[in-house]
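# Architecture and fold: a report
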Amino acid sequence: MLRAAGACVTGPAHLQAFQPGQDALALRGRRGGWIVAVADGLGSRARSATGSRLAVQAAQQIARQWSPASWHELPARQCATDLYRRWLALVPWQDKSCAATTLLWLVCDAEGRARVWQLGDGLVLCRLGGRVQVITLDRPGFGNQTRALGTHRAWSDWHTASFTLREPGDLVLLMTDGVSDDLAAPSLDGFTQVVHRQIRQRSRRQGRRWLTHELTHWATPLHSDDKTVAVVFRE
């Protein structure tokens, strides 16, 4: 059986400015599997909070249209194109760049077959057979540059991967850069173990509460960004 949990919290910087958070999360079960979308609106864009919310909504809508028997055979590029078009249709402003947002998108069926798409910042990692693997590619360009829906349209801007959660303890984690930027590479295995250990002994609601508490009381001093984490794992 596959289980999942996720949480999204507004960072101190937005709380102090009485502004909404720019992260968004949509996590839904489907036929024993899961559809997870995590987005982070670009801070420099006026409508990015709405853009991120519409991105996770579009991801859920597109994935739910796929046939359970053949979804894993769909071309990855066509999937990303369909999602992008759905997002463009949902954004109500003529200038779509005002709602620019990154996106992490995971679809996993009841057998554990998983596919992930990434556009922009954030981190996707999995643990397969006890070994943690980073799915996200190294970020190119300067630290304040990122690819996003609304500003980047080329297929080459996306990264995609496929894997299978076969064994008990196999998992996949998605997180926005408010979390991943504070995690050094040597700490990823330990972070993954802690999240898995805490979530597996709780219900989904309790797991969300635990994640929310940890993200709200983030251990990094002077942290300010919004934070979102989602995990899917095999019992």
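Heads up: the structure comes first, above all this text.
Here we summarise the structure given alongside this text. Quick caveat: nothing in here was measured; it's all calculated off a predicted structure.

### Focus: the environment of Gln-19
- By the element assignment, Gln-19 lies in the loop between helix 1 (12-16) and strand 2 (23-30).
- The class for Gln-19 is partly exposed, based on a relative accessible area of 44%.
- Residues Gln-19 and Ala-49, 30 residues apart in the sequence, show an inter-C-alpha distance of 9.6 Å.

### Points about the nonpolar core
- Trp-66, Trp-87, Leu-103, Trp-105, Trp-117, Leu-149 and Trp-158 are the most contacted members of the largest nonpolar core, which has 30 residues in total.
- Among the elements of the structure, strand 2, strand 3 (33-41), helix 2 (48-64), helix 3 (76-90), strand 4 (101-108) and strand 5 (113-119) are those that each provide at least two residues to this core.
- Discounting residues that sit within four places of it in the chain, Leu-103 has contacts with Ala-37, Val-38, Ala-39, Ala-55, Leu-83, Trp-117, Gln-118, Leu-119, Leu-149 and Trp-158.

### Regarding a positive patch on the surface
- Residues Arg-28, Arg-64, Arg-204, Arg-205, Arg-208 and Arg-209 make up a contiguous surface patch of positive charge.
- It is helix 6 (residues 204-216) that contributes the most residues to the positive patch, four residues altogether.
- With respect to the element layout, Arg-204 can be found in helix 6.

### Here we look at unusual backbone geometry
- Even without being glycine, Phe-18 reaches a positive phi, approximately 55°.
- Locating Phe-18 in the fold gives a position in the loop between helix 1 and strand 2.
- On the basis of relative accessibility, which here comes to 78%, the residue Phe-18 falls in the exposed class.
- The phi torsion at Arg-31 lies on the positive side, around 50°, for a residue other than glycine.
- Along the chain, Arg-31 turns up in the loop between strand 2 and strand 3.
- You can call Arg-31 exposed: its relative accessible area is 66%.

### Quick look at the pattern of salt bridges
- Counted under the stated rule, the structure contains four salt bridges.
- Across the salt bridge formed by Glu-111 and Arg-113, the nearest N and O atoms sit 3.8 Å from each other.
- Overall, the relative accessible area of 55% leaves Glu-111 in the exposed class.
- Looking at Arg-113, the relative accessible area reads 27%, which means it is partly exposed.
- Between Arg-147 and Asp-157 there is a salt bridge, with its nearest N and O atoms 2.9 Å apart. Here Asp-157 lies in the loop between strand 7 (131-134) and strand 8 (159-164) and Arg-147 lies in the loop between strand 7 and strand 8, a separation of ten residues in the sequence.

Each value, and the rule that gives it
- Residues numbered from 1 in each chain as written.
- Predicted model: local features only at pLDDT ≥ 70, side-chain atom pairs only at ≥ 80, totals over all residues.
- Heavy atoms only, no water.
- Helix = DSSP H or I, 4+ residues; strand = E, 2+ residues; numbered from the N terminus.
- Buried < 20%, exposed > 50% of the residue type's maximum accessible area, 1.4 Å probe, protein only.
- Core = buried A, V, L, I, M, F, W, Y, C linked by side-chain atoms within 4.5 Å.
- Contact = heavy atoms within 4.5 Å.
- Patch = residues over 30% accessible without salt bridge, like charges linked within 9 Å, V, L, I, M, F, W, Y side chains within 5 Å.
- Areas by Shrake-Rupley, 256 points an atom, 1.4 Å probe, with all protein chains shown as cover.
- Salt bridge = Lys/Arg side-chain N within 4 Å of Asp/Glu carboxyl O.
- Lys, Arg positive; Asp, Glu negative; His and termini not counted.
- Charge placed at Lys NZ, Arg CZ, Asp CG, Glu CD.

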